[in-house]
Amino acid sequence: MDVLGLLSSEFACSRLFRAVRWRGGVYCPKCGSRSIKGYGGYRCGLKRYFCKSCRRTFNDKTGTIFHYSRLSLREWFMLMLLFLGLHNSGLGLSWLLDRSPMTVFRALRKLMLKLKDGRVEFRGAVEVDELYVNAGLKGRNNSVRIKHFGREPRRRAFRRRGRGSWSYDKPAVFILAGRGGGEDYVPSSNVEAESAIKIVGRRIRKDSTIYTDNFKSYLGLSGLGYMHEYVNHSEGEWVRGECHINNCENRASILRQWLSTHRGICKDNLKLYLEAFKTCRRSRNANPIQAIIKIIKTIYIITATTFLVKSETFIY
């Protein structure tokens, strides 16, 4: 089935979601029992089940972000493709789905909260660089905080000289790119040496080679068990043999353009948008159907951990 056939009906979306979620067999998301029997269904194609252990009913959506949602599965799948695949903004999605902006925003926030994956561990040759993005206190919900700070509205035309900071609505994002594969994006409230060393130490194994620029926060990495080499950008040095951070520069340009589509984001949600960007990068080589399946698996695995369900036979 192609993506147009999938998104043409709610029944096709329900069948795909049921096949992905219950791939290891149907079990009760409330007590974990596999003593289940069918208990009817819905016109949209979803099925209902009855647990013989806890004697409660549930359906295919129970325990997921799709349960009790105003959006149908078809609209959820369209939102996944348009947001993570085609980089549409929230206002654009509200126009395409004919839904209110707040309904789409809540759905996107639920989606991004479930896209958190495990910490990436790097080894070998790794490049590290920092990027500063515009992320302030955007949104009606932050008007009280802005008044509490007593600050004036931000003027983008008169930017402060020097590096950005969290307090001036230009937080830093550390970019880690492994030359053997893998990438990670870590927001930070500051770029001091202590923060940089903490981020690197938690994600890069010892005896690895780290390539950076000549920023002073990275100068203490060589004394922590790493092979540290850097290029001096202030003197016009960009490449010296194998020493460069061009992979980080490449990802920084893509990330900056990806974030600009949303016309400014709240810095409290910056980490969520970075997780969404990582998911988009991971699924960029897959076809739309496989991308949806991968996203559903990620959402379901994260959601299932909130229940007391531990099944060794349920494998993804």
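Look a little higher up for the structure.
Just so we're clear, the structure is a prediction, and the values are computed from it rather than from any experiment.

Conventions used here
- Residues numbered from 1 in each chain as written.
- Predicted model: local features only at pLDDT ≥ 70, side-chain atom pairs only at ≥ 80, totals over all residues.
- Heavy atoms only, no water.
- Helix = DSSP H or I, 4+ residues; strand = E, 2+ residues; numbered from the N terminus.
- Buried < 20%, exposed > 50% of the residue type's maximum accessible area, 1.4 Å probe, protein only.
- Contact = heavy atoms within 4.5 Å.
- Phe/Tyr/Trp six-rings, centres within 6.5 Å; stacked < 30°, edge-to-face > 60°.
- Lys NZ or Arg CZ within 6 Å of the ring centre and 35° of its normal.
- Salt bridge = Lys/Arg side-chain N within 4 Å of Asp/Glu carboxyl O.
- Pairing = 2+ DSSP bridges.
- Axes fitted to C-alpha atoms, helices over the stretch in contact; angles between N-to-C directions.

> Give me the environment of A276: which residues, what numbers.
Relative to the assigned elements, A276 resides in helix α9 (residues 270-282). The exposure class of A276 is buried, given its relative accessible area of 0%. When the C-alpha positions of A276 and L113 are compared, they lie 9.0 Å apart, and in sequence the two are 163 residues distant. With sequence-adjacent residues up to four places away left out, A276 is seen in contact with F83, L84, M112, L115 and W258.

> Let's hear about the packing of aromatic side chains: which residues, and what values?
In the structure shown here, the tally under the stated rule is 12 aromatic pairs. Here a set of aromatic residues connected by ring pairs shows up, and it is made of W22, Y27, Y49 and F58. Here R179 stacks its cationic end above the ring of Y211, 4.2 Å away from the centre of that ring.

> Would you mind going over the pattern of salt bridges in detail, with residue names and values included?
Taken as a whole and judged by the stated rule, the model has 11 salt bridges. R251 serves as the salt-bridge partner of E183, at 2.9 Å between the closest nitrogen and oxygen. Here E183 is found in strand β7 (residues 183-188), whereas its partner R251 is found in helix α8 (residues 246-260), with 68 residues between them in sequence. Taking relative accessible area as the criterion, R251 reaches 14% and is therefore assigned buried. Where E275 meets K278, a salt bridge forms, and the shortest distance between an N and an O atom there is 3.7 Å.

> Outline the sheet that holds strand β1 (residues 36-41), listing residues and values.
Across the sheet, which stays open at both edges, the three strands sit in the order β1-β2-β3 with antiparallel pairing between neighbours. Here the strands that pair on one side only, and so sit at the sheet edges, are β1 and β3 (57-59). Neighbouring strand axes in the sheet, compared pairwise and without regard to direction, differ in orientation by 35 degrees on average. Pairing analysis gives four bridges linking β1 to strand β2 (residues 47-51), with the strands arranged antiparallel. Opposite K37, over in β2, you have F50 as the bridge partner.

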